[in-house]
Each structure stands twice: as structure tokens, then as C-alpha cells.
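Chain by chain, the residues:
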Amino acid sequence: MDETSDEPPTSAVLLDNCHFSQVVFNNVEKFYVPGGDITCYYTLTQNIVPRGKDWVGIFRVGWKTTREYYTFMWAPLPSDTHSDTAVQQQIQFKAYYLPKDDEYYQFCYIDQDGVVRGASVPFQFRAETEDDILVVTTQGEVEEIELQNKNLHKENEELKASCASLEKQNIDLQKELNKMQELQNSLESLRSNTEKLELELSSLKKENKQLKELDDCREAELHQLKEQIQNVTSDKERLETRLKTALDHMDQLQSQVLNYEKEVENLSLMDRDKTEQLESLKEENRQLRAIGTQQEENKELERCVEYLKGSKAELSLCLSPCLQNEPSICGAAAGEMAPKQQNHDLMKELEEQKRLFQILQAKKNEANEENQKRREDELLRHLSQAEEVSSFSGASQAQAPVPSPEVGGLLFGNPYCGEITWHSVSIRKCPMCDEVFPEDNETSQYEAHVHSHLLECPVCNETFEKSNKQVFDDHIFCHSLE
């Protein structure tokens, strides 16, 4: 039996279904000497694909199935299993497992499906004989040998007929084998297609699973979008309400703007009138200062004249005794020098008085300039206070009547005589923070200040107050809904 304990794959396939031409055994001896190892040589044709469970067995001649092997050895795989040419192989059977009788045996190649792929010619296990031995037989033995020869001849004929039948069966089986090979190829193709289909099926299952997960995610997103739509709808309704309120408020603001424009026009008219009044007031003030200066000079001159008159009287009183005593005085040298000295002193005193008069006149001019500046500052302060009190309501009130001219033909009267009535000049006031800008300031400064309180729409250039930022935001949102 075999050296291993594994049983080879066998089958109950009859000889009619075997293919003996796919493996060819070479150099098979007629007999092998018992007690020694034997080597089996065989050729694998291109019609067979060797596999790992193929084996070579020794069968007794006359076997019916592959299960009737005497011993076997596993067939080694060639180095190139997919070669298109024949491959020479060999295998060695140990003497311990070989038959001990002199019956006829043969080698058979069996694949892993238990199908015979090739068989050798019969051989025996016996000792070597001498060719020149003389055999002496009796007549009875000769007759018996002849009978055996006839039987053998008959069996040979039967074997020939059986061989012809086997060859025919071999051809048929070869055709069937080709068909089976084609079917096997088709089966392999179907198996590969089935594997591909299974892979595609598993891939489709995965894709289906992913699509289901994606569908669940999409459903969740759809639900979330519905909620967002509801929220947006509610926000839209709320914003529409706010928009309506904002539009109403805008209409109110537009009406207020119209009123403000009318008030600004009225204030502009008042500014022009007040500017004219301020110019008249300045001219009147200049005239009054000239008159006051002239009056002060006249008074000083009158005082100087009176002083000079007093000095002249005193001088006359001093000179009268000298004139009365002129003859006696003229006779004396000392009496002649005394009046001259007195006149020199009087002239010196007169010069001193003139110099003092000039100093007083300069101080008076400085005091007049300081008084003029103080009056102008007080005038501007009164004008600012008057403008703050009047505000925007001053546009709707009637303009204050201009007082009648007084002494000297001055429009606003003499500021040095009696109480003075001040009139406001033209000023500008911010409608947002009530900050006052005098007329002499630049218009661009006033406009920049007012513009700093406003917000301008980048779409329609409509302006809004910064205090109404919510209305401005609603207005911008309405543009985004269009």
C-alpha cells in the first residue's frame, strides 16, 4: 500500500467513461524483479491539467473501478502547470509496497476526481529467466499448451474486438470529453459571471444601503427645511408687518421732512433778514462809536479851553500890575525879568497839560476798543440764546417789529442812551442734536455734521436717522426680498 495514510480519490466510474490517452507511460518493462524499487516514467499531454490530488496507482489486470488499486503514489506537479507542450514526469515505488505474486499489473494515472487519464501496458513481478533453457514437455502437456494457445488466441480475438470497441468508445468518449470540456468551460465562465454578479449584487446592496442612509438623511434635511420654511414664513409675516409699520413711519417722516423743509426755508428767510439787521447794527455801532469819540474829544477840548481861559485870566491878573507900573518896571532890570520867568513857567505848564491830554486820549481809545469787543461778544451770546429759545417754532411766529428810529436818525437807537433792544442774527441749527452753527461757518461743515446723523440705503439712496436703525434694517431686508 502507499506510504501515507491518506486515501486517494476514487470513483465507481466504469472503464467506458475513462480517457487513457491523456497520460502516456514510457519505458515500461515486461517484468520487474521482486525486492527492488521500480521507477515509473510517464508523459502529461497538453489535454490534461495536473492538479494536487492526482495519483499513480498499480492495478491488477482486469480491474473494474479505481477503488481496486494495489498501491499508489501521489503524482508530483510539474513546474509549469499551464504548458502547451507535453511534460515528462517520473515517480518511484518502494519495493516494500510492491506485489509479491507473478500476476500481470499495470500503471494507471488517476486525477483528483477519480477518473482514469492513462494506463500502461501490463507487466509482471518475477525473476529473470534464461532464454536458452531447453524445456521438455510430454504429449499431454503439449496438448494442454495447444489448448491454452487456442484459448489465448480466442481471448486475443475477443480482446481485439474489445479493443476495437474500446477504441470506438474512446472516440465517443473523446467527443463527450470535448463536450464536457466545453461544458466545463461554460461552467467556469458561468461561475466567473456568477461571481461577478455576486460582486455586483453585493455592491448594489451596499449602494442600496447607502442610498437608504442618504434617503434618511435627505428626509431629515427635508424636515429641517420644512421647519426653516415655516420659520421663514413666520419671519416674513412679521417682517411684512414691520415693513408696513416702517412704511407708515416713513410716510410720517416724509411729511415731517416736508415740514422741516418749509421751516428751513422760513429760517433761511429769517437768516437773511437777521444778516441785514446785523449789518445795520454794525454800521449803527460804528456810527455811535464815532459820535461817542467825537463827543468825548469835544468835552476834553472844552475842559482844556476852560482851563486855558482860567490860566489866561490868572496870567492877566499877574500881568496887570506890571502893565500898570510899566515905567517903573522898565527902569529896573530886575523887575523886567520877573514877568518873563512867569510866562515861561505858564508855557511849560501848558505843554505839560497838552502832554497829559494826549495820554488821556490814548487811554480813552484803548478803553473804547475793549468796550467794543465786549459789546460784540455780548451781542453774539444774546443772539445764540435767542436762537435756542426760538428753535423751529420761530419759523411759524411773526417777525418782531423793528423799533422806530431815535435821536440821530439811527435805526436801533443810541446804545449810550437808554435800554438797547438786541436782535438775533442769522444762524443754523442741527435738526438732530440742536447744535448751533453761525452763518460765518462753512456750509460744508454744517452739511457734514447733519449727514453724520443719517444712514443711506445703498440701493435707493434713501436716508434714515441713526436713531431709527431698525427701520433702516427692515428697509434693506425689503430690498433683499424683491
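Since the model is a prediction, treat every value here as computed from it, not as a measurement.

A. Structural context of the UniProt feature "coiled-coil region" (unreviewed entry) in the protein chain. Within the UniProt annotation, "coiled-coil region" (unreviewed entry) is assigned to residues 135–298 and 343–380. Span residues 343–380 is 100% helix and 0% strand, its end C-alpha atoms 56 Å apart.

B. Structural detail: the sheet that holds strand β6 (residues 87–93). Strands sit in the order β1-β3-β6 across an open sheet of 3 strands; the sheet is antiparallel. Among the strands making up the open sheet, the edge pair consists of β1 (23–26) and β6. Here the strands of the sheet are splayed against their neighbours by 30° on average, with no regard to which way each runs. Bridge count between strand β3 (residues 38–44) and β6: 7 bridges; the pairing is antiparallel. Within β6, the position partnered with Leu44 by the bridge is Val87.

C. Local environment of helix α5 (residues 469–481). The end-to-end C-alpha separation of α5 is 19 Å, in line with the 18 Å expected for 13 residues at 1.5 Å each. Every buried residue of α5 is accounted for by Val471, Phe472, Asp474, His475, Cys478 and His479. Each buried residue of α5 lies within a common arc of 160° when the element is viewed along its axis, so the set occupies one face.

D. Broad picture of the side chain of Thr43. Structurally, the position occupied by Thr43 is in strand β3. Engagement of the side chain of Thr43 in a polar contact is seen with the side chain of Asn26, the distance being 2.6 Å. A polar contact is formed between the side chain of Thr43 and the side chain of Gln88, at a distance of 2.9 Å. Residues contacting Thr43, with those up to four places away along its chain left out, are Gln22, Val23, Val24, Asn26, Ala86, Val87 and Gln88.

E. Examining unusual backbone geometry more closely. Not every positive phi belongs to a glycine, and Asn27 is a case in point at roughly 55°. When you line up the elements, Asn27 lands in the loop between β1 and β2 (31–32). For Asn27, a relative accessible area of 61% puts it in the exposed group. With a phi close to 60°, Asn461 is a non-glycine residue in the positive phi region. By secondary structure assignment, the location of Asn461 is in the loop between β12 (454–456) and β13 (463–465). By relative accessible area, which is 51% here, Asn461 ends up exposed.

F. Representation of the nonpolar core within the structure. Grouped together as the largest cluster of nonpolar side chains are 21 residues, with contacts concentrated most on Tyr42, Phe93, Phe107 and Tyr109. Considering each element in turn, this core owes the most residues, 4 residues, to β3. Judged by nonpolar contacts, the second largest core, of 8 residues, contains Trp63, Phe72, Cys108 and Val116.

G. Spatial organisation of helix α4 (residues 443–451). Taken together, the buried positions of α4 are occupied by Tyr446, His449 and Val450. The buried residues of α4 occupy an angular sector of 95° when projected down its axis, which confines them to one face.

H. Local environment of a negative patch on the surface. On the surface, a cluster of negative charge is contributed by Glu213, Asp215, Asp216 and Glu219. Look at Asp216 and you get partly exposed, because its relative accessible area is 47%.

Reading the values: the criteria
- Residues numbered from 1 in each chain as written.
- Predicted model: local features only at pLDDT ≥ 70, side-chain atom pairs only at ≥ 80, totals over all residues.
- Heavy atoms only, no water.
- UniProt positions renumbered as here; feature names shortened; annotations may be inferred.
- Helix = DSSP H or I, 4+ residues; strand = E, 2+ residues; numbered from the N terminus.
- Pairing = 2+ DSSP bridges.
- Axes fitted to C-alpha atoms, helices over the stretch in contact; angles between N-to-C directions.
- Expected span 1.5 Å × (residues − 1).
- Buried < 20%, exposed > 50% of the residue type's maximum accessible area, 1.4 Å probe, protein only.
- Arc of directions from axis to C-beta.
- Polar contact = N/O pair within 3.5 Å; in protein donor to acceptor, adjacent residues only side chain to side chain.
- Contact = heavy atoms within 4.5 Å.
- Core = buried A, V, L, I, M, F, W, Y, C linked by side-chain atoms within 4.5 Å.
- Patch = residues over 30% accessible without salt bridge, like charges linked within 9 Å, V, L, I, M, F, W, Y side chains within 5 Å.
- Areas by Shrake-Rupley, 256 points an atom, 1.4 Å probe, with all protein chains shown as cover.
- Salt bridge = Lys/Arg side-chain N within 4 Å of Asp/Glu carboxyl O.
- Lys, Arg positive; Asp, Glu negative; His and termini not counted.
- Charge placed at Lys NZ, Arg CZ, Asp CG, Glu CD.

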